[in-house]
Amino acid sequence: MPMKLMISSNSLPPAAMSAPPFPFTPNPLPLTTIKSTLKPPHSLSLDASHMLRATHLADLSAGHTSPHPNFGCVIAKGDTILGEGYLYGQGTRPAEAIAVEAARDKGKGATAYLNLESGDCDGDEAAVRAILQSGVGRVVVGIRHPLEHLRGKAIRLMRSEGIKVDVLGEDLQSKVIE
């Protein structure tokens with residue numbers, strides 16, 4: 001006969017009854033009331049999956065891009081990755097240009113996932129130009145560029161050219177729907 005384990009608050013040590021070791025606020029609403037602000041065909045889980053891949057690509061250049069940050073780019077349609085790239089080192093081609101080249105003409109209407117907003121330290125805007133010329137219809141940016149003089153510049157340029165740009169934590173959020 002299977003044995004049942006019964007635990008009551010009387011059988012637990014006092015330490016187990018104390019607050020968890022991290023700040024914890026339970027969600028007071030049922031999960032069915034929490035919905036994404038996005039409408040199909042965009043899915044937050046799909047966006048997260050491709051963004052995670054872009055971040056992993058960026059990590060491949062860790063220690064080789066100084067003084068620049070690590071950049072990774074994935075170009076995808078739905079769950080199919082069409083092209084990807086990362087900044088190999090200082091002075092090499094931008095991650096976006098490598099990903100666009102790998103995607104070839106399949107990138108039209110696709111989504112580009114950038115772990116970090118494109119930077120233009122050399123003034124040639126090669127990364128943004130590659131995205132604009134590719135025909136990508138949407139760009140998802142993980143975080144804005146850390147340098148103040150570059151922060152928002154690439155996002156504004158892509159939006160002015162008609163590309164939908166979503167920034168994680170700013171444009172892509174969940175909200176409670178009653």
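Structure's up top.
In this text, all values refer to a predicted model and were calculated from it rather than measured experimentally. In every chain, residue numbers begin from 1 and rise along the written sequence. At least 70 in pLDDT is required for a residue's local features to be given in this predicted model, at least 80 for side-chain atom pairs to be given and counted, and no such filter applies to totals for whole chains, interfaces and linings, which use all residues. To obtain the side-chain values, all non-hydrogen atoms of the structure were included, while hydrogens and water were left out.

Participant: What is the right way to look at the packing of helix α4 (residues 126–134) against helix α5 (residues 153–160) in this model?
Facilitator: What describes two packed helices is the angle between their axes and the distance between those same axes. Fitting a line to C-alpha atoms yields each axis, with helices limited to the stretch in contact; the angle taken between N-to-C directions then spans 0 to 180 degrees. The numbering of helices and of strands both runs from the N terminus, where a helix is a DSSP run of H or I of at least 4 residues and a strand a run of E of at least 2. Where α4 contacts α5, the two axes come as close as 11 Å, and the packing angle between them is 25°. Relative to α5, α4 is oriented roughly parallel. Between α4 and α5 lies a crossing of right-handed hand. Across from Val128, Ile131 and Leu132 in α4, the residues of α5 making contact are Ala154, Leu157 and Met158. Note on residue classes: Ala, Val, Leu, Ile, Met, Phe, Trp, Tyr, Cys and Pro are nonpolar, Asp, Glu, Lys and Arg are charged, and everything else, Gly too, is polar. Broken down by class, the residue content of the contact of α4 with α5 amounts to 6 nonpolar, no polar and no charged. Throughout this description, any angle smaller than 35 degrees is read as roughly parallel, any larger than 145 degrees as roughly antiparallel, any in the 65 to 115 degree range as roughly perpendicular, and the remainder as oblique. We call a crossing left-handed when the near helix sits turned anticlockwise from the far one by less than a right angle, and right-handed when that turn is clockwise. Contacts are assigned to residue pairs with any non-hydrogen atoms lying within 4.5 Å of each other.

Participant: Sorry if this is basic, but what is going on with the packing of helix α3 (residues 95–103) against α4 here?
Facilitator: Put simply, α3 and α4 touch, their axes get as near as 7 Å, and they point 25° apart. Classed by the angle they form, the pair α3 and α4 counts as roughly parallel. For the crossing formed where α3 meets α4, the hand is left-handed. Of α4, the residues touching α3 (which contributes Glu96, Ala97 and Val100) are Ala127, Ala130, Ile131 and Ser134. When its residues are assigned to classes, the contact of α3 with α4 shows 5 nonpolar, 1 polar and 1 charged.

Participant: How should I be thinking about the packing of aromatic side chains in this particular structure?
Facilitator: Ring pairs shown here join Phe, Tyr and Trp side chains whose ring centres sit within 6.5 Å, with only the six-membered ring taken for Trp; geometry is labelled stacked below 30 degrees between planes, edge-to-face above 60, and tilted in between. Going through the model one piece at a time under the given rule, you end up with 1 aromatic pair. The interplanar angle of 45° and the centroid separation of 4.5 Å between the aromatic rings of Tyr86 and Tyr88 together place this pair among those described as tilted. Here's how the labels work: a residue is buried when its accessible area is under 20% of the maximum for its type, exposed when over 50%, partly exposed in between, all with a 1.4 Å probe on protein chains only. Tyr86 gets classed as buried once you look at its relative accessible area, which sits at 17%.

Participant: Would you mind going over the sheet that holds strand β4 (residues 111–116) with me for this structure?
Facilitator: The strands making up a sheet associate through backbone hydrogen bonding, with each pair oriented either parallel or antiparallel. Only strands that DSSP links by at least two bridges are regarded as paired with each other. Ordered in space as β3-β2-β4-β5-β6, the 5 strands form an open sheet in which the pairing is mixed. Two strands lie at the open edges of the sheet, namely β3 (80–86) and β6 (164–167), each paired on one side alone. With strand direction ignored, the average angle separating the axes of adjacent strands in the sheet is 20°. Strand direction decides the pairing type here: strand β2 (residues 72–77) and β3, joined by 6 bridges, are antiparallel. When the sheet's bridge partners are listed, Lys77 is paired in β3 with Thr80. Lying on the sheet, helix α2 (residues 44–59) is in contact with β2, β3, β4 and β5 (138–143); it crosses β2 at an angle near 150°. Against the sheet, α5 makes contact with β5 and β6, and its axis sits at roughly 150° relative to β6, the strand it touches most.

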